[in-house]
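# Fold and contact review
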Amino acid sequence: MVIHDRYRLESILGRGVMGHVWQGRDLPLDRPVAVKTVAAELLAVASSRDAARARFGRETRAAARLDHANVATVFDASITDDTCCLVMELIDGTTLEYLFDQQEDGRFNVPSAAAVAAQLCAGLSAVHRAGLVHRDLKTQNVMVRRDGVVKILDFGLVKLLGDTDPRLTMTGEGVGNLICASPELLAGRDPLDGRSDLYAVGCLLHHMLTGETPFPTDQPALLASHHLASPPPLVADAGARVPRDLQNLITALLAKRPDDRPASAAEVYAGLAPHLPEPDPGLAVSWTPPEDPRRPFLVPQGPMPL
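The model shown is predicted, which means the values in this text are computed figures rather than measured ones. (Residues numbered from 1 in each chain as written. Predicted model: local features only at pLDDT ≥ 70, side-chain atom pairs only at ≥ 80, totals over all residues. Heavy atoms only, no water.)

## Observations concerning the UniProt feature "binding site: ATP" (unreviewed entry) in the protein
UniProt marks Lys36 with the feature "binding site: ATP" (unreviewed entry), using the numbering shown here. Examined against the element boundaries, lysine 36 turns out to sit in strand β4 (residues 31-38). Judged by its relative accessible area of 14%, lysine 36 is buried. (UniProt positions renumbered as here; feature names shortened; annotations may be inferred. Helix = DSSP H or I, 4+ residues; strand = E, 2+ residues; numbered from the N terminus. Buried < 20%, exposed > 50% of the residue type's maximum accessible area, 1.4 Å probe, protein only.)

## Notes on the environment of leucine 228
Here leucine 228 is to be found in helix α8 (residues 220-229). Looking at leucine 228, the relative accessible area reads 39%, which means it is partly exposed. Taking the C-alpha atoms as reference, leucine 228 lies 9.7 Å from arginine 257; in sequence the two are 29 residues apart. Non-local contacts of leucine 228, meaning those with residues more than four positions away in its chain, are made with Pro183, Leu186, Ala187 and Lys256. (Contact = heavy atoms within 4.5 Å.)

## Regarding the packing of helix α4 (residues 110-129) against helix α10 (residues 265-272)
Relative orientation of the contacting elements α4 and α10 amounts to 160 degrees, with a least axis distance of 8 Å. Relative to α10, the element α4 is oriented roughly antiparallel. As for how α4 packs across α10, the hand of that crossing is left-handed. Residues Ala114, Ala117, Ala118, Cys121, Leu124, Ser125 and His128 of α4 touch α10, and the partners they reach there are Ala265, Val268, Tyr269 and Leu272. Considering only residue class, the contact of α4 with α10 consists of 9 nonpolar, 2 polar and no charged. (Axes fitted to C-alpha atoms, helices over the stretch in contact; angles between N-to-C directions. Parallel < 35°, antiparallel > 145°, perpendicular 65-115°, else oblique. Left-handed = near helix turned anticlockwise from the far one by under 90°. Nonpolar A, V, L, I, M, F, W, Y, C, P; charged D, E, K, R; others polar.)

## Concerning α4
Over its 20 residues, α4 extends 28 Å from the first C-alpha to the last, a length consistent with the 28 Å expected when each residue adds 1.5 Å. Counting buried residues in α4 gives 18 out of 20 residues, a clear majority hidden from the surface. Looking one or two residues beyond α4, the residue adopting positive phi is glycine 131, at roughly 80 degrees. (Expected span 1.5 Å × (residues − 1).)

## Things to note about the packing of aromatic side chains
Applying the stated criterion to the full structure yields 1 aromatic pair. Seen from their ring centres, phenylalanine 100 and phenylalanine 108 are 5.3 Å apart, and the 80 degrees between their planes marks the pair as edge-to-face. For phenylalanine 108, a relative accessible area of 4% corresponds to the buried category. Above the face of the phenylalanine 75 ring, arginine 31 is positioned so that its terminal group lies 3.8 Å from the ring centre. (Phe/Tyr/Trp six-rings, centres within 6.5 Å; stacked < 30°, edge-to-face > 60°. Lys NZ or Arg CZ within 6 Å of the ring centre and 35° of its normal.)

And the structure:
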């Protein structure tokens, strides 16, 4: 199928409540792309069409405002009465969720976990600087390219700072992922800022280092209760050993009150810097085959401002 006389949809990469993500091809430029489309049934009913188009429009505008190595690049977008599509770079890699299965005991070592988290913070620094909050960071929305570059995906739940339109922020919109949801996001507090995303980074760091989520349960109500009230677990509780300063950083990221967390993604990046892998100068002067996707990029992009 070809849409807008330009993009050929070849195979489905993923399905969600809002629609599908396809692997496609930009025919005039002959390059692979990822194409996100809104489910046809949402556009067929007048009562849901306006909400779907508004949410999709918000996502496309938010994603298009970002230009950073650690955020998936938007190429094109179209919103019409019968078609909504977002065209993005097709990332040659795999999700962070899949990589857990490739690690010994399901755990990342400290340098690898720090490299992934540092790149997330680098990307989030651009997201927050643009006045956005992602709100849906999770293992499925983080991809590691074959050369090790980490990419943040899916701005379907992104929130513009200061956005008070009740049609877009109503409780019924739902939380995309309870596993990494901050207490203030679960409680529906406003205003929401970038420190909510930093809580998610803390959840992902704990998960990478221990092989399990901070509050492992499959009961949504219990999980939400843990995020809201239970003290953050220590990495050592899961049998993993990390440097004391890294544990202190994770504990701060998982603080219940945003004011008790680091103030910015750049601050978290600085805290992770001592634990990043030692760079290998030989990589700059010798040809190497494509990086193993399990090995995060050795020199993560730095956040701005440094």
